[in-house]
Amino acid sequence: MLFDRYVLSDRSSLTQALNGAIEDAYRVFARYALPLALRVCYCDVCVSQEDARRLVETPLRQIPVGLLSEYTSSAHGYDEEMHGTSLRYFLPRYFELIALNQAPYHGDLSQCLGRLRQADYRHEWVTEEVDVIDRYFDALLADKLRDVSVINWPVGYRLGYPMDDLLEMMVLAGGNVRRILAAFEAAADPGASLHIAGLAEKLVYRDGAPEFSSVMIRRSDPACYEIGAFLADRSHIARLEAVFFDLEAEPVLQKILSDGQQMIDAMAAVTRPEGAQ
C-alpha cells in the first residue's frame, strides 16, 4: 500500500532513465486519440457521465489520479477494437502517476495495469509499444528499489515502499517476469539487497519449491514460483552480508537484512536435497 507520505509532487527526484521512459511512452502513444464516446460502464457505481466528459476533455498530462482511477475501476473487460485505442491513449499518464507514487486505482498499486495483460500486449501490440512498456518497467523497478525508507509497524520496522505490490502489478500487467527479475538482480545496492531481504518474508514452501506468496496473483501462475526462486536464491546471502557491513550506522536497515538472510537460509534448508551441503 502506498501511503500519502510517499506521494511525489513532481518528477525531479525520479531517475533520468525513468523520466526518459515516461517521455518515450508519451511519444510512442501520441498517435492515439480518445473516441468522443468513452467505452466505460455508466452504472450507478461506475463512471458518471460528468467524469467521462472530463476524461475526454482534460489534457492527458493533467488528468488527476482520482479521475483516472474512475476509468481503471470502470473499464470492464477488454476488446481490442473497442478499448485498445483508449488504453494506449491513457497509458503514458498511468506510467507517470505510478512513478509519482500515485496509484490510479481505487485499491492498491497491484491492479493498476491489469488491462495490459487482458490486451496481451507482448504478443498483440507492435514492437515499439512493447519495447517502451518493458523499458518503463525496468526503469520503474530500478527507481523504486532506491527507496529504503522504513515504517515502524507493531511487528517491527519494514521498508515503506510496497515492492510486493509493484511486482504484482508488473505480473498482472503481463510483464516479462524473467526480464523484471534480471533488472532486480542488476539494480544497485543497498536498495536491491534491502528489498530482497524485505520480500523474503513473502516466501512460502509449496509443492516442493519456494513460492512468492501473493493474494493477487493466482497460485497456478508460474510467476509466483519464478519470483520465489529468485528471492530464495542462496547466492543473495553474500550480497546481503556485504551490504550489512556497509550499513553499520543504520541498525534498523541491518535488522531488515539480517531477518531476510535468516528467511532465505530457512527456505534453503527446506528445499535443499537431502545430504546436500
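From a predicted model like this one, the values you see are computed outputs, not experimental measurements. (Residues numbered from 1 in each chain as written. Predicted model: local features only at pLDDT ≥ 70, side-chain atom pairs only at ≥ 80, totals over all residues. Heavy atoms only, no water.)

Draft legend 1. Spatial organisation of the overall build of the protein. From N to C terminus, the protein includes 13 helices and four strands. Relative to the 2.2 N^0.38 estimate, which gives 19 Å for 277 residues, the radius of gyration of the protein is 20 Å and therefore close to what a compact globule would have. With respect to the principal axes defined by its C-alpha atoms, the protein has extents near 65 × 40 × 35 Å. Going through the 277 residues of the protein one by one, you find that 50% of them count as buried. When the 27 positive and 41 negative side-chain charges of the protein are each reduced to one mean point, those points stand 2 Å apart. (Helix = DSSP H or I, 4+ residues; strand = E, 2+ residues; numbered from the N terminus. Rg over C-alpha atoms; globule rule 2.2 N^0.38 Å. Buried < 20%, exposed > 50% of the residue type's maximum accessible area, 1.4 Å probe, protein only. Lys, Arg positive; Asp, Glu negative; His and termini not counted. Charge placed at Lys NZ, Arg CZ, Asp CG, Glu CD.)

Draft legend 2. Summary view of the nonpolar core. Among the nonpolar cores identified, the biggest contains 87 residues, and Phe90, Leu113 and Trp125 are the most heavily contacted of them. Here the element with the most residues in this core is helix α4 (residues 80–99); it accounts for nine residues. (Core = buried A, V, L, I, M, F, W, Y, C linked by side-chain atoms within 4.5 Å.)

Draft legend 3. The environment of Leu253, seen in detail. Summarising the element assignment, Leu253 is placed in helix α13 (residues 251–271). On the basis of relative accessibility, which here comes to 9%, the residue Leu253 falls in the buried class. Considering only alpha carbons, one finds Leu253 and Tyr157, 96 residues apart in sequence, at a separation of 8.5 Å.

Draft legend 4. Just the pattern of salt bridges, in detail. Applying the stated criterion across every chain yields a total of 25 salt bridges. In this structure, Arg31 and Glu129 form a salt bridge, with 3.2 Å as the shortest nitrogen-oxygen distance. One end of the pair, Arg31, is in the loop between α1 (16–28) and α2 (49–57); the other, Glu129, is in helix α7 (residues 127–144), with 98 residues separating them in the sequence. The partner of Glu129 in a salt bridge is Arg88, with the nearest N and O atoms 3.2 Å apart. (Salt bridge = Lys/Arg side-chain N within 4 Å of Asp/Glu carboxyl O.)

Draft legend 5. Molecular detail of the packing of aromatic side chains. Taken as a whole, this structure holds nine aromatic pairs when the rule is applied. Seen in terms of ring centroids, Phe95 and Tyr136 are 3.8 Å apart; in terms of plane orientation they differ by 5 degrees. Their pairing is stacked. Here the residue Phe95 occupies a position in helix α4, and Tyr136 occupies one in helix α7, the gap between them amounting to 41 residues. Residues Phe95 and Tyr136 agree in their burial class; the two are buried. A centroid spacing of 5.3 Å and a plane angle of 85 degrees characterise the contact between Phe244 and Phe245, whose relative ring orientation is edge-to-face. The exposure class of Phe245 is exposed, given its relative accessible area of 54%. Counting every residue linked through ring pairs, the aromatic cluster contains Phe29, Tyr32, Tyr121 and Trp125. Across from the ring centre of Tyr26, 3.7 Å away, lies the NZ or CZ of Arg61, which sits over that ring. A cation sits over an aromatic face here: Arg88 above Trp125, 3.9 Å from the ring centre. (Phe/Tyr/Trp six-rings, centres within 6.5 Å; stacked < 30°, edge-to-face > 60°. Lys NZ or Arg CZ within 6 Å of the ring centre and 35° of its normal.)

Draft legend 6. Main features of the packing of helix α10 (residues 191–199) against helix α12 (residues 235–246). At a minimum axis separation of 9 Å, α10 and α12 run at an interaxial angle of 120 degrees. The angle between α10 and α12 places the two elements in the oblique class. Note on packing geometry: the crossing formed by α10 with α12 is left-handed. Facing Ala192, Ser193, Ile196 and Ala197 of α10, the residues of α12 in contact are His236, Arg239, Leu240 and Val243. Split by residue class, the contact of α10 with α12 holds five nonpolar, two polar and one charged. (Axes fitted to C-alpha atoms, helices over the stretch in contact; angles between N-to-C directions. Parallel < 35°, antiparallel > 145°, perpendicular 65-115°, else oblique. Left-handed = near helix turned anticlockwise from the far one by under 90°. Contact = heavy atoms within 4.5 Å. Nonpolar A, V, L, I, M, F, W, Y, C, P; charged D, E, K, R; others polar.)

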